[in-house]
Amino acid sequence: MAWVGKKYKLETSENFDEYMKELGVGMVLRKVGNTIHPIIFLEQDGDEFTYYSQSTFKNFETKFKLGEEKEQETADGRKVLTTYTFDGNTLTQVEKCKKNSVIVRVFSDTEMVATSTYGDVTSKRVYKAI
């Protein structure tokens with residue numbers, strides 16, 4: 001598990017504004033989302049995981065158990081049904097809403113790459129280990 005004990009900081013972002021726009025995120029929140037460089041990390045306690053995203057604008061955390069669908073409010077305020085699964089060092093999150101949003105996070109010792117897809121729009125964000 002490459003992510004254990006690691007924190008990752010956003011380094012590059014591709015097509016994130018278009019992804020947020022497709023989700024229905026307003027212009028002001030999109031502008032903020034494109035300027036911050038959050039630090040993310042994941043912790044595990046037994047069969048429960050906690051995903052953290054911390055920035056100067058807003059902190060976000062969510063607790064989940066693998067394979068269990070749960071109601072969740074996203075960082076941008078949407079209410080969705082979310083399911084998380086792990087395959088090796090790949091954490092996949094599926095958010096059920098008008099169209100499913102799929103976020104695939106691939107962890108390594110040096111980085112975490114998050115690929116987010118909603119409809120026909122895909123964004124790629126690379127976080128470097130700090």
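Residues numbered from 1 in each chain as written. Predicted model: local features only at pLDDT ≥ 70, side-chain atom pairs only at ≥ 80, totals over all residues. Heavy atoms only, no water.

As named in an unreviewed UniProt entry, the protein is Fatty acid-binding protein, muscle, taken from Pseudolycoriella hygida. Per its UniProt entry, the protein bears the Function (unreviewed entry) comment "Binds fatty acids in a 1:1 molar ratio." Quoted straight from UniProt, the Sequence similarities (unreviewed entry) entry for the protein says "Belongs to the calycin superfamily. Fatty-acid binding protein (FABP) family." (UniProt positions renumbered as here; feature names shortened; annotations may be inferred.)

A. Examining the nonpolar core more closely. Y8, I40, L42, F64, F107, M112 and Y127 are the most contacted members of the largest nonpolar core, which has 15 residues in total. Among the elements of the structure, β1 (7-14), β2 (39-45), β3 (48-54) and β9 (111-118) are those that each provide at least two residues to this core. Filtering out sequence-adjacent residues up to four positions away, F107 remains in contact with A2, W3, Y8, I40, L42, N89, L91 and M112. Residues Y19, I103, Y118 and V121 belong to the second largest nonpolar core, which totals eight residues. (Core = buried A, V, L, I, M, F, W, Y, C linked by side-chain atoms within 4.5 Å. Buried < 20%, exposed > 50% of the residue type's maximum accessible area, 1.4 Å probe, protein only. Helix = DSSP H or I, 4+ residues; strand = E, 2+ residues; numbered from the N terminus. Contact = heavy atoms within 4.5 Å.)

B. Looking closely at a negative patch on the surface. Residues E43, D45, E48 and E61 make up a contiguous surface patch of negative charge. Among the secondary structure elements, E48 is positioned in strand β3. Classification of E48 as partly exposed rests on a relative accessible area of 30%. (Patch = residues over 30% accessible without salt bridge, like charges linked within 9 Å, V, L, I, M, F, W, Y side chains within 5 Å. Areas by Shrake-Rupley, 256 points an atom, 1.4 Å probe, with all protein chains shown as cover. Salt bridge = Lys/Arg side-chain N within 4 Å of Asp/Glu carboxyl O. Lys, Arg positive; Asp, Glu negative; His and termini not counted. Charge placed at Lys NZ, Arg CZ, Asp CG, Glu CD.)

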